[in-house]
Amino acid sequence: MKYIRYRYEGEKYFGELKEDVVYELDGDYILGAERTGVRRRLGEVELLIPYVPGKIIGVGANYRSFLDAKKMGYPVRPRIFQKPKTAAIRSGEGIRLPDPSHVVYYEGELAAVIGKRCSKVKSGEAMGYVFGYSCINDVTDHTMCEEDAIWARGKGCDTFAPIGPVVTDEIDPEDAMLETRLNGEVVQHMSTSDMNFHIPALIEFISAYITLEPGDIIATGTPAGAGALHPGDIVEVSIEGIGSISDPVF
């Protein structure tokens, strides 16, 4: 099923999406909800972030193609960081560059959305704690990262985490095609099978130290091809079976 959040006549709702029909839900779909019987056409509603995350945990350098392109050795453990939920925006809302002199990259990624509270989970059980998947653009200000020698500011600016358009449980996260387009040109094209640490290993590692809660998002890393954004650009992240997010750059 594909799940969404949307606005209709000024009110916000959770819903299920099937083709171009939106089925209104009576509450939070991750925590459990039922259809109310109200249906609307997709064109009648405004899609929002499909779920507002409690926290976003990113994984750096987690695709073999990325590591190979950078001539980096494969890490022995995941390299994780956090983005605040205030970085999250819906598709179309727009990425705002903090300083025109800074080098800011797009990073198309698969987002794993946690469905149940988990702590110290082993990899063999980890997928039972995942609710579904979405697209995320892990926008990164490399100038800030280099200035600070840590990633908090450079990863965490407002608008630096476009997410959407849906959360779905209908894909195979081990082999979904991820594609990023910059001004219509394909700049990233790689299967999620290229991950160095796959989702079960990521959940085991992260939950050993950080409790994951319903709605938390793990941004699972980006393949080769990440590059710079400039004002006026349009960046689009698509994942097979999920859909696309598209954001102008200001």
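The rules behind these values
- Residues numbered from 1 in each chain as written.
- Predicted model: local features only at pLDDT ≥ 70, side-chain atom pairs only at ≥ 80, totals over all residues.
- Heavy atoms only, no water.
- Helix = DSSP H or I, 4+ residues; strand = E, 2+ residues; numbered from the N terminus.
- Rg over C-alpha atoms; globule rule 2.2 N^0.38 Å.
- Buried < 20%, exposed > 50% of the residue type's maximum accessible area, 1.4 Å probe, protein only.
- Contact = heavy atoms within 4.5 Å.
- Areas by Shrake-Rupley, 256 points an atom, 1.4 Å probe, with all protein chains shown as cover.
- Lys, Arg positive; Asp, Glu negative; His and termini not counted.
- Charge placed at Lys NZ, Arg CZ, Asp CG, Glu CD.
- Disulfide = S-S within 2.5 Å.
- Core = buried A, V, L, I, M, F, W, Y, C linked by side-chain atoms within 4.5 Å.

Visitor: I'd like a rundown of the overall build of the protein chain, residues and numbers included.
Guide: Secondary structure summary: the protein chain contains five helices and 19 strands in total. The C-alpha radius of gyration computed for the protein chain amounts to 17 Å, which stays within 12% of the reference 18 Å derived for 250 residues, consistent with globular compactness. Referenced to the eigenvectors of the C-alpha coordinate spread, the extents of the protein chain come out at roughly 55 × 45 × 30 Å. Out of the 250 residues belonging to the protein chain, those deemed buried represent 53%. Put simply, of all contacts in the protein chain between residues at least 6 apart along the chain, 70% involve residues at least 24 apart. Split by element, the accessible area of the protein chain, about 11,000 Å² in all, is 49% carbon and sulfur. One way to put it: in the protein chain the 26 positive side-chain charges average out to a point 4 Å from where the 38 negative ones average out.

Visitor: So what's going on with the state of the cysteines? Residues and values would help.
Guide: For the structure on display, the rule yields zero disulfides. For the unlinked cysteine Cys157, the closest cysteine sulfur is that of Cys145, found at 8.9 Å.

Visitor: Break down the nonpolar core for me, citing the residues and quoting the values.
Guide: In terms of nonpolar packing, the biggest core is built from 36 residues, with Leu110, Tyr133, Ile203, Leu212, Ile218 and Ile242 touching the most fellow members. For this core, the elements supplying multiple residues, two or more each, are β1 (2-8), β6 (56-60), α1 (64-69), β10 (108-114), β11 (130-137), α5 (199-207) and β18 (234-239). Broken down by element, the residue count for this core peaks at four residues, all from α5. Sequence-distant contacts of Ile218, that is, excluding residues within four places in its chain, are made with Ile57, Val59, Leu110, Ala111, Ala112, Ile114, Leu202, Ile203, Ile206 and Leu212. Leu25, Val104, Ala111 and Phe160 belong to the second largest nonpolar core, which has 31 residues in total.

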